[in-house]
Amino acid sequence: MNIFFVISLKQKKMKRIAVFTSGGDSPGMNACIRAVVRTAIYNNIQVFGIKRGYDGLIKGDLEELHSHSVANILQRGGTILKSARSDEFRTADGRKKAYDTINKFEIDGLIGIGGDGTFTGANIFNQEYNVPFIGIPGTIDNDLFGTDLTIGYDTALNTVIDAVDKIRDTASSHNRLFFIEVMGKDAGFIALRSGIATGAEAILVPETKTYIDNLIAKLEAGRRKSKTSGIVIVSEGDDAGGAFEIAKKVKEKFDYYDTRVSVLGHLQRGGKPSARDRVLAAELGNSAVENLVNNETNKMVGIVNNKIVLTPFDHAIKHHKELNKNLLKLVDILSI
């Protein structure tokens, strides 16, 4: 009986799956939805789109998607399925309603595109109801363990670089020091790489403590070398209080430059996905469906060293992805 049961599980066929996007939107989500839908259809699987993430699953807001449903969305930012954070899904009653929806639509497996919060909910849901679930990392922060890149990160970087390049034109013209705040409440990946790419004088990230006196000393050294302007990239989660507070503290002790602050905010989430994000989204979307077909569950698909890998949700959520220490050192070298 046990042997028969194991064989039956392995041979279980996916007939209907559903895909949703959750949490903050990121460029490339639409490209990923497209890949999921068309890979499912290629495998003779009926596929549904869930509107507004877990909230839509609770309320039964699903619609069947066809190949033409995802035509001409590859190049669009945002997500055609909409995205939301669901407080109700955090409750046992909310998750029971979501499970009732799955039974009503006879869904055999779920694919969620999102970040840490999305996978935390998926992990709990899978443990409670054993619904096959595969996650796809879609977040501009690139802070998920188990993948070198997340969908949207590359596009967000290019958006920041374009904005900072334009701001530097103004900084150079007016002898100004700009403190530019970028997204990254808990992780400094955007700040670090965009700062190096734009030649920032300093980069402040949540992973390292910010010492205002050290920052002023670096800026003073630049002044002595006749630097007429400066750019400091600040991750929003920096421990010194954000770009406005840091600029204020620097201005109090060092007034050589005319100081300005620019917060890029949600500008970083929008826009057409880059070629790199489109290809990444296609690969991960395709892999998510194929892994559901092979009865993999409660895992995130990612890419490590250019190879598709699977990481259990609890590892992707709990493990901390570290900044590249060599890049942190490079900042000091190149900013002299």
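Residues numbered from 1 in each chain as written. Predicted model: local features only at pLDDT ≥ 70, side-chain atom pairs only at ≥ 80, totals over all residues. Heavy atoms only, no water.

1. Considering the overall build of the protein
Counting its secondary structure elements, the protein contains twelve helices and eleven strands. The burial tally for the protein puts 51% of its 336 residues in the buried class. Total accessible area on the protein stands at roughly 15,900 Å², and carbon and sulfur atoms take up 49% of it. Treating the 44 positive side-chain charges of the protein as one cloud and the 40 negative ones as another, the clouds have centres 2 Å apart. (Helix = DSSP H or I, 4+ residues; strand = E, 2+ residues; numbered from the N terminus. Buried < 20%, exposed > 50% of the residue type's maximum accessible area, 1.4 Å probe, protein only. Areas by Shrake-Rupley, 256 points an atom, 1.4 Å probe, with all protein chains shown as cover. Lys, Arg positive; Asp, Glu negative; His and termini not counted. Charge placed at Lys NZ, Arg CZ, Asp CG, Glu CD.)

2. Observations regarding the environment of Gly-78
You can see Gly-78 is positioned in the loop between β3 (62–65) and α4 (92–104). Once the C-alpha coordinates of Gly-78 and Pro-273 are considered, the two residues, 195 residues apart in sequence, prove to be 9.3 Å apart. Sequence-distant contacts of Gly-78, defined by excluding residues within four places in its chain, comprise Asp-25, Ser-26, Met-29 and Asn-30. (Contact = heavy atoms within 4.5 Å.)

3. Comments concerning the sheet that holds strand β11 (residues 307–312)
Pairing is mixed across the open sheet formed by seven strands, whose spatial order is β3-β2-β1-β4-β5-β10-β11. Looking at which strands have only one partner, the edges of the open sheet turn out to be β3 and β11. Ignoring strand direction, the axes of neighbouring strands in this sheet form an average angle of 30 degrees. Bridge count between strand β1 (residues 16–21) and strand β2 (residues 46–50): four bridges; the pairing is parallel. Each bridged residue has a counterpart across the sheet, and for Arg-16 the counterpart in β2 is Gln-46. The strands touched by helix α5 (residues 116–129) within the sheet are β1, β4 (109–114), β5 (133–137) and β10 (299–304), with β5 carrying the most contacts at an inclination of about 170 degrees. (Pairing = 2+ DSSP bridges. Axes fitted to C-alpha atoms, helices over the stretch in contact; angles between N-to-C directions.)

4. Some details on the packing of aromatic side chains
Enumeration over the complete set of coordinates arrives at nine aromatic pairs. Judged by centre distance (5.9 Å) and plane angle (70 degrees), the rings of Phe-48 and Phe-105 are edge-to-face. Of the two residues, Phe-48 sits in strand β2 while Phe-105 sits in the loop between α4 and β4, which places them 57 residues apart along the sequence. Residues Phe-48 and Phe-105 agree in their burial class; the two are buried. The interplanar angle of 15 degrees and the centroid separation of 5.2 Å between the aromatic rings of Phe-119 and Phe-313 together place this pair among those described as stacked. (Phe/Tyr/Trp six-rings, centres within 6.5 Å; stacked < 30°, edge-to-face > 60°.)

5. Describing unusual backbone geometry
Notably, Arg-52 is not glycine yet its phi reads approximately 65 degrees, a positive angle. On the secondary structure map, Arg-52 appears in the loop between β2 and α3 (53–59). Among the residues examined, Arg-52 registers a relative accessible area of 29% and is labelled partly exposed. Phi angles above zero are rare outside glycine, and Asn-175 is one such case at about 55 degrees. Along the chain, the position of Asn-175 falls in the loop between α6 (153–174) and β6 (176–182). Given a relative accessible area of 29%, Asn-175 falls into the partly exposed group.

6. Some details on the sheet that holds strand β8 (residues 230–235)
Strand-to-strand pairing in sheets goes through backbone hydrogen bonds, with the strands running parallel or antiparallel. Spatially, the four strands line up as an open sheet ordered β7-β8-β6-β9, and their pairing is parallel. The outermost strands of the open sheet, each flanked by one partner alone, are β7 (202–204) and β9 (258–263). Between one strand and the next, the sheet's axes are offset by a mean angle of 20 degrees, whatever the strand orientation. Pairing analysis gives six bridges linking β6 to β9, with the strands arranged parallel.

7. Quick look at the side chain of Thr-198
Relative to the helices and strands, Thr-198 is located in the loop between α7 (189–197) and β7. What makes Thr-198 buried here is its relative accessible area of 7%. Excluding residues that lie within four positions of it along the chain, Thr-198 makes contacts with Ile-161, Val-164, Asp-165 and Arg-168.

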